[in-house]
Amino acid sequence: MALDPLATTEDLPEGTTGNTARALLVASAAIRDAAGVPISSITATVEVEAVSTNLLRLPGPITAVDSVTIDGTEITDYEKLPNGLWRHCGWHLNPVPVVVTYTFGLVEVPDDIIDLTCQLALAWLQHQAAGGGSTAGLKSVKIDDASESYTDESAGQVSPVFIPEATRTWLAQRFGGGTEVVLSL
């Protein structure tokens, strides 16, 4: 199941043209990838490795838990917290897979994330309107005397929907990414 974009076409500046729906999906996917979580509310099944701690950290905020299994056995002796599941007896002495089906994420996407989504979508739309194609490594172009300069490979980007490392780190820290979604419901 595809997730809804983090912003809507109504959030884009008036008069924005092109495939706005696709642009918002592309931008939202890039932001979610950087954050490591869906950000907006979703019901999903995740698998995490439990160790001998009482708190099993999960992306949140957690709003509902449908089921929890430890190494294939369903359990109910846990407490739901905003950032994970607390178990008084701990999760397990040895690392084992814990599968959790739950609803988490924000009901309303924050304004700054809507703005970031729109900015990336606009960059994608402008790139498409200019003919698309890769700009990987291109740093500058000089028309007179036909000069081009390129960045090293690590600084290049293939798409205008590029999130710098500092922003990626900020998104991951803000939204607590890192758990793999096994199945979206």
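Numbering of residues begins from 1 in every chain and follows the order in which that chain's sequence is written. Since the coordinates come from a predicted model, pLDDT governs what is reported: local features require at least 70, and pairs of side-chain atoms require 80 or more to be given and counted, while whole-chain, interface and lining totals use all residues. With hydrogens and water excluded, all non-hydrogen atoms of the structure serve as input to the side-chain values.

S.K.: Please clarify how a negative patch on the surface should be interpreted in this entry.
M.R.: Judged by side-chain charge, Glu10, Asp11, Glu108, Asp111 and Asp115 come together as a negatively charged surface patch. Starting at the N terminus, helices and strands are each numbered in turn, a helix being any DSSP run of H or I of at least four residues and a strand any DSSP run of E of at least two. Note that Glu108 resides in the loop between β7 (96-104) and α2 (111-129). By definition, no residue in a patch forms a salt bridge, and every one has over 30% relative accessible area; like charges are joined within 9 Å, nonpolar side chains (Val, Leu, Ile, Met, Phe, Trp, Tyr) within 5 Å. Methods summary: accessible areas were calculated by the Shrake-Rupley approach with a probe of 1.4 Å, and residue burial reflects only the protein chains presented. Here, a salt bridge means any Lys or Arg side-chain nitrogen found within 4 Å of an Asp or Glu carboxyl oxygen. In this charge count, Lys and Arg are treated as positive and Asp and Glu as negative; neither His nor the chain ends contribute. To locate a charge, the coordinates of NZ of Lys, CZ of Arg, CG of Asp or CD of Glu are taken.

S.K.: Even after reading the chapter, I still don't get helix α1 (residues 20-35), so can you show me in this structure?
M.R.: Any helix carries an expected span of 1.5 Å times its number of residues minus one. Helix length check: α1, at 16 residues, gives a terminal C-alpha distance of 22 Å against a target of 22 Å (1.5 Å per residue), a fit within 8%. When we look at burial in α1, the residues that qualify are Thr20, Ala23, Leu24, Ala27, Ser28, Ala30, Ile31, Arg32, Ala34 and Ala35. Residues of α1 that are buried sit in contact with α2 and α3 (165-175). Once α1 finishes, Gly36 follows within two positions and takes phi at roughly 80 degrees, a positive value. When accessible area is computed with a 1.4 Å probe and restricted to protein chains, residues below 20% of their type maximum are described as buried, those above 50% as exposed, and intermediate ones as partly exposed. Contact criterion: two residues are considered in contact whenever any of their non-hydrogen atoms come within 4.5 Å of each other.

S.K.: Would you mind showing me how to read the pattern of salt bridges here?
M.R.: Oppositely charged side chains can pair when the atoms bearing their charge come close. With the rule as written, the count across this model stands at 3 salt bridges. A salt bridge links Asp77 to Arg87; the shortest N-O distance between them is 2.9 Å. In this pair, Asp77 sits in the loop between β4 (73-74) and β5 (79-81) while Arg87 sits in the loop between β6 (84-86) and β7, placing the two residues 10 residues apart along the sequence. Judged by its relative accessible area of 39%, Asp77 is partly exposed.

S.K.: Quick question: what am I supposed to make of the confidence of the model for the protein chain here?
M.R.: Note that predicted coordinates carrying low pLDDT should not be read in detail. Across the protein chain, the average pLDDT comes to 85, with 83% of residues at 70 or higher. Values of pLDDT, the confidence the predictor places in each residue, fall between 0 and 100. Contacts from residues 180-185, a stretch scored under 50 in pLDDT, to residues over four places away or in other chains number 18 contacts.

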